[in-house]
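Breakdown of the fold
Given next are the chains, with one letter for each unit.
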Amino acid sequence: MTQSFNAQGLGLNRRELLIAAGGIAAASLSGPAFAQAAKRGGTLRMSNGGDPPDFDVIQSATYLTQMACAPCYSTLLRIDPTDYSKLLPDLASKFEVSSDGKTVTFTLREGVQFHNGAILTSDDVVYSLDRIRKPPTGLVSPRKGLLGNIVSVEAADAKTVVVKLAQPQPDFPFLVSNPFNVIYCKAVAAPLDASGQGMKRTVVGTGPFKLSQAIDGQLYEYVRFDKYFGEAPYLEKIQSFPIKDEIARAVALQGKNIDACFFFANESVLTMLRKTPGITQLRRPTPTFVNLIPNIRLKPFDDPRVREALSLAIDRDSFIKTVGPLSGAFFHSLGLLLPDSPHSLTADEMKSFPGYDTIPGLGGNLAANREKAIALLAQAGVPKDFKIVMPTRADIPAFRDASINIAAQLKTVGLDVAVDVRDAGTFYELENHGQFQLIAHSVAVSGALPDQIFGEGYTSFGGRNYGGWKDDSIDDLFRQQSREIDPAKRNELLRQFQLAFLKTNYQINLAWVGYAAAYANNVKGWNALPDLYANMQQDKVWLDG
Amino acid sequence: MIVYIAQRLLAGLGTLLGVSIIVFILVRALPGDAAVMMTGAGGGVVSEQELQQVRAKLGLDQPWVIQFADWSERIAVLDLGTSLRTGNAVSADIERRLPYTMEIVVLSMVIAIGLGIPSGVFSAWFAGGAVDRVLQTVSMIGLAAPSFWIGLLLILGLVVLFGWSAPLFWEPFWVSPLKSLSQLIWPSLSVGLRQTALISRMTRAIMLEVLDEDYIRTARAKGVPEFGVVFRHGLKNGMLPVVTLIGFEIAALFGGLIITETIFSVPGLGQYVVSSILNRDYPAIQGVVLLLAGIVVVGNLSVDLLYGVLDPRTRRGRAVA
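What counts and what doesn't
- Residues numbered from 1 in each chain as written.
- Chains lettered and ligands numbered in written order.
- Predicted model: local features only at pLDDT ≥ 70, side-chain atom pairs only at ≥ 80, totals over all residues.
- Heavy atoms only, no water.
- Phe/Tyr/Trp six-rings, centres within 6.5 Å; stacked < 30°, edge-to-face > 60°.
- Helix = DSSP H or I, 4+ residues; strand = E, 2+ residues; numbered from the N terminus.
- Expected span 1.5 Å × (residues − 1).
- Bend = angle between axes of the 7 residues up to and from the residue.
- Domains from an automatic or database assignment.
- Contact = heavy atoms within 4.5 Å.
- Buried area = accessible area lost by both parts, 1.4 Å probe.
- Salt bridge = Lys/Arg side-chain N within 4 Å of Asp/Glu carboxyl O.
- Polar contact = N/O pair within 3.5 Å; in protein donor to acceptor, adjacent residues only side chain to side chain.
- Nonpolar A, V, L, I, M, F, W, Y, C, P; charged D, E, K, R; others polar.
- 1 Å grid on protein atoms, 1.4 Å probe; cavity = no way out; pocket = protein on both sides within 12 Å on 5 of 7 lines; lining within 4 Å.
- Points joined across faces, edges and corners; volume = space filled by probe spheres on them.
- Pairing = 2+ DSSP bridges.
- Core = buried A, V, L, I, M, F, W, Y, C linked by side-chain atoms within 4.5 Å.
- Buried < 20%, exposed > 50% of the residue type's maximum accessible area, 1.4 Å probe, protein only.

Concerning the packing of aromatic side chains
For the structure shown, the criterion picks out 31 aromatic pairs over all chains. Ring geometry for Phe289(A) against Trp512(A): centres 5.2 Å apart, planes inclined by 65 degrees, an arrangement best described as edge-to-face. One end of the pair, Phe289(A), is in strand E14 (residues 279-294); the other, Trp512(A), is in strand E18 (residues 508-520), and 223 residues separate them in sequence. Plain terms: the ring middles of Trp125(B) and Phe126(B) are 5.1 Å apart, the flat faces sit at 15 degrees to each other, and that makes the pair stacked.

Considering unusual backbone geometry
Look at the link from Lys299(A) to Pro300(A): it is a cis peptide, with omega at 0 degrees. For Pro300(A), the location among the structural elements is in the loop between E14 and helix H8 (304-313). Positioned with a positive phi, Gln538(A) is a non-glycine residue whose angle comes to about 65 degrees. As for its position among the elements, Gln538(A) is in the loop between strand E19 (523-524) and strand E20 (542-543). Unlike most non-glycine residues, Arg280(B) shows phi in positive territory, near 50 degrees.

Side note on helix H10 (residues 226-256) of chain B
Compared with an ideal rise of 1.5 Å per residue, which puts 31 residues at 45 Å, H10(B) spans 39 Å between its outermost C-alpha atoms and falls more than 12% short. The largest bend in H10(B) comes to about 50 degrees, at Leu235(B).

Digging into the domain arrangement of chain A
Residues and elements named next belong to chain A. Per the domain assignment, the segments of chain A are domain 1 (3-30 + 37-207 + 522-543) and domain 2 (286-514). For domain 1 versus domain 2, the separation of C-alpha centres amounts to 31 Å. With 21 residues of domain 1 at the interface, the matching set in domain 2 holds 19 residues. Counting the surface lost from both domain 1 and domain 2, the interface buries some 1,600 Å², and carbon and sulfur atoms represent 57% of this. At the junction of domain 1 and domain 2, the tally comes to 1 salt bridge. Where Asp-171 meets Arg-490, a salt bridge forms, and the shortest distance between an N and an O atom there is 2.9 Å. In this assembly, domain 1 and domain 2 are joined by 7 residue pairs in polar contact (both at pLDDT 80 or more). For the side of domain 1 that touches domain 2, the elements supplying multiple residues, two or more each, are helix H1 (14-21) and helix H4 (172-176). If one sorts the elements of the side of domain 1 that touches domain 2 by residue count, H1 sits on top with 4 residues.

Points about the interface of chain B and chain A
Every contact between the two is made by 32 residues of chain B and, on the other side, 41 residues of chain A. When the two sides are added together, the surface that chain B and chain A hide from each other amounts to roughly 3,000 Å², 54% of it contributed by carbon and sulfur. Linking chain B with chain A are 4 salt bridges. Between Asp423(A) and Arg280(B) there is a salt bridge, and its shortest N-O distance comes to 2.8 Å. When residues of the side of chain B that touches chain A are traced back to their parent elements, those giving at least two are helix H2 (34-39), helix H3 (48-58) and helix H5 (90-125) of chain B. Its residues assigned to classes, the side of chain B that touches chain A comprises 13 nonpolar, 12 polar and 7 charged.

Remarks on empty space enclosed by the protein
Residue and element names in this part refer to chain A. Going through the model one piece at a time under the given rule, you end up with 4 cavities of 30 Å³ or more. In this structure, the largest cavity spans a volume of roughly 190 Å³. If you trace the largest cavity, you find 17 residues lining it, with Thr-75, Arg-78, Pro-179, Asn-535 and Gln-537 closest to the centre. Computed from the structure, the second largest cavity encloses a volume of approximately 120 Å³. Of all the secondary structure elements, the ones that give two or more residues to the lining of the second largest cavity are helix H2 (63-69) and strand E11 (219-224). Residue contributions to the lining of the second largest cavity peak at 3 residues, all from H2. Grouping the amino acids of the lining of the second largest cavity by side-chain chemistry returns 9 nonpolar, 4 polar and no charged.

Re the domain arrangement of chain B
All names here are of chain B. As assigned here, chain B comprises domain 1 (2-76) and domain 2 (91-320). When each unit is reduced to the centre of its C-alpha atoms, the spacing between domain 1 and domain 2 is 32 Å. Of the roughly 1,800 Å² buried between domain 1 and domain 2, counting both surfaces, carbon and sulfur atoms make up 74%. Taken together, domain 1 and domain 2 are joined by 0 salt bridges.

Overview of the pairing of strand E10 (residues 209-215) of chain A
All names here are of chain A. By the bridge criterion, 6 bridges tie E10 to E11 in an arrangement that is antiparallel. Bridge assignment links Ile-215 to a residue of E11, and that residue is Leu-219. Following E10, the chain reverses through 3 residues before pairing antiparallel with E11; Gly-217 in that reversal takes a positive phi of roughly 85 degrees.

Remarks on the nonpolar core
Residues and elements named next belong to chain A. Core analysis: the biggest nonpolar cluster contains 168 residues, and Phe-106, Leu-129 and Leu-415 have the highest contact counts within it. The element that contributes the greatest number of residues to this core is E18, accounting for 9 residues. Each residue touching Phe-106, except ones within four places of it in the same chain, is listed here: Leu-76, Leu-77, Ala-92, Lys-94, Phe-95, Lys-159, Thr-160, Val-161, Val-163, Phe-172 and Val-176.

Given below as structure tokens:
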């Protein structure tokens, strides 16, 4: 028995997908609604940061490339711009999940054109998905782990793509539709990939806008793609200006030189913009967390008592009050998922972990925590004024200011912590070679689903295991929850995973980062989702006057 | 003269070779990995095996000697290589960014020469008087204040008083000369004020010496008007050290606009250098440094040749030698 999803103009939410994978029920779907009558035409002028390093969004690990490319590309399915928990059809008009949950069949829309006039076929999809999970020699794929459950991707015919999975995976439709997992034109990408150049300077997608100009340091301009397969975008043109400095972006917005900035971190910028009439500004948690990461390969951090002492020493409330305004690290969650996740732990569960009771509202006693931390360090044989050097990046406040704050806090339990501020290149060198004792690390994962956050950030095989820990029980729990198709059982497994990980203190969560956005009040149709990367295609955005 | 120029060019080539070797070694000695920065793979999101493949593709896994030989071979045919960051030919990146930097250099030197030389002359002419004191004080402030600080004050003043903000698109000079000049005047001013002070003080010092010379006294005794004495007889003979200074400053400015371009967000060579260094973009760093070294070599040679034009004695000296 298979479950079929005819998703013409419809949306599937995550719960419905969970049910679907088990072949239980059909989904009831509805299209996005926009209350106000949208107007066509106009140019949206925006700036989301500096220059994208390149345009190869599949190879990229930065939001700068993703945001620069999002208007030009499409994914198989698409996160609903009005509801983060739903998927809409994009290049695939429908998909079917087999009764065993291990085969997913995507049916592509008819007549989808790339910007170069080529027609989309299943070969393009197969090539793109294979490029993500098995990058050609000389190319990289930061998100191959997201599609690590795929056994094979095959073109059944010109419009049908069959994906075989190693085990059922309820999150799979969301993972394959991650905004970074765009579909390239094989005829364009394959020769460039073979030459080693990749799609770094070439943008040929099926998205609502075509890149018409790219002047490094100056301007990225997009024009409406008249043959876009979906509803025609409202805007005629988008101009994106690479303004690296946040204050400069805010001044440009205040001075009406740009209409929107969909990415800010610094709170003082928002404070400044709050005083400016005619500008909407907001902040949303995004899948970026700041963790304190001990290097488990080194003594004394291999000792669980030392790691517990580190967690006990930290006042999480004071952390967000001081580091938050500088870096956007304003949020706490109950557990290891985004704040307000349906899989959050209870307050009682959370405050049972050493140090986490200093999260606001959990009624912790910081002085008692620190006394206990001092005792634990003594038991572990850590001498008073034990010297620790924390390398950090100079260019990102969520690293730099977090490290400075943590160093000061750890001094209260008798650790002599010095912050070693480096440029990004030097920092990576130290981190990739495990040449650190302790780091405060902002980890931006590529999506908010449990498989994304845990798979990338909290497994020993995930890309973010900077501390070098190894724990089969944690990894097994991850795999169990990933394949569990019953929502209730999966929720329980997710709870167990979080409880088990928090006990280890392999990584000590400090806060979650929220991105801020600000735009002129005449910019309509954009919705800030709790994921920085979603909803950046700008096809639903329009200008009111 | 031709032999002299050939000798200087040959020496210049030697300088460029030395610079290229030093830069080649220095950028590789920096901690950090070009492959990691190029793939944006900081944070361990890309496997070591993939990074090795990228290094192999770029030739970064080869010994330094082979890498240097490859690079030198390309340089010999004026190919600066491909930027690891932008994916463009380094020469194309430079070609697009150099005009903005050149425009700032030229504008700032026009400001510096236009204000610095007259103020230095007047300062010497009226040495010890009120005009001299005022000009001396102003030039001292100009020398003491770093150009980036002047730039920040300028931005602040422009924003507060006129609601100005840095342009989003910097118009190239050849597309819209007036607009381009109006955009780049502010960074040029912030750099030019310091150069003005430097030139003014140098001019004053030289003019004080020159105005004490016998031939100046003779000119005055012959009844030449004072303006003519100062500007025609004094300034012309005192220009040599000032020209030398201007030559050096022009060459130095090409590499010295990094902070000014950054605070004004000008997409010039300075910003390109900063991004290239931060991203360990070896070909770009090497290409730009080689270009800047070339500008210094050519600048020095130009100053030397200008000496001959301004002072016939130096031409005779070379001929005798």
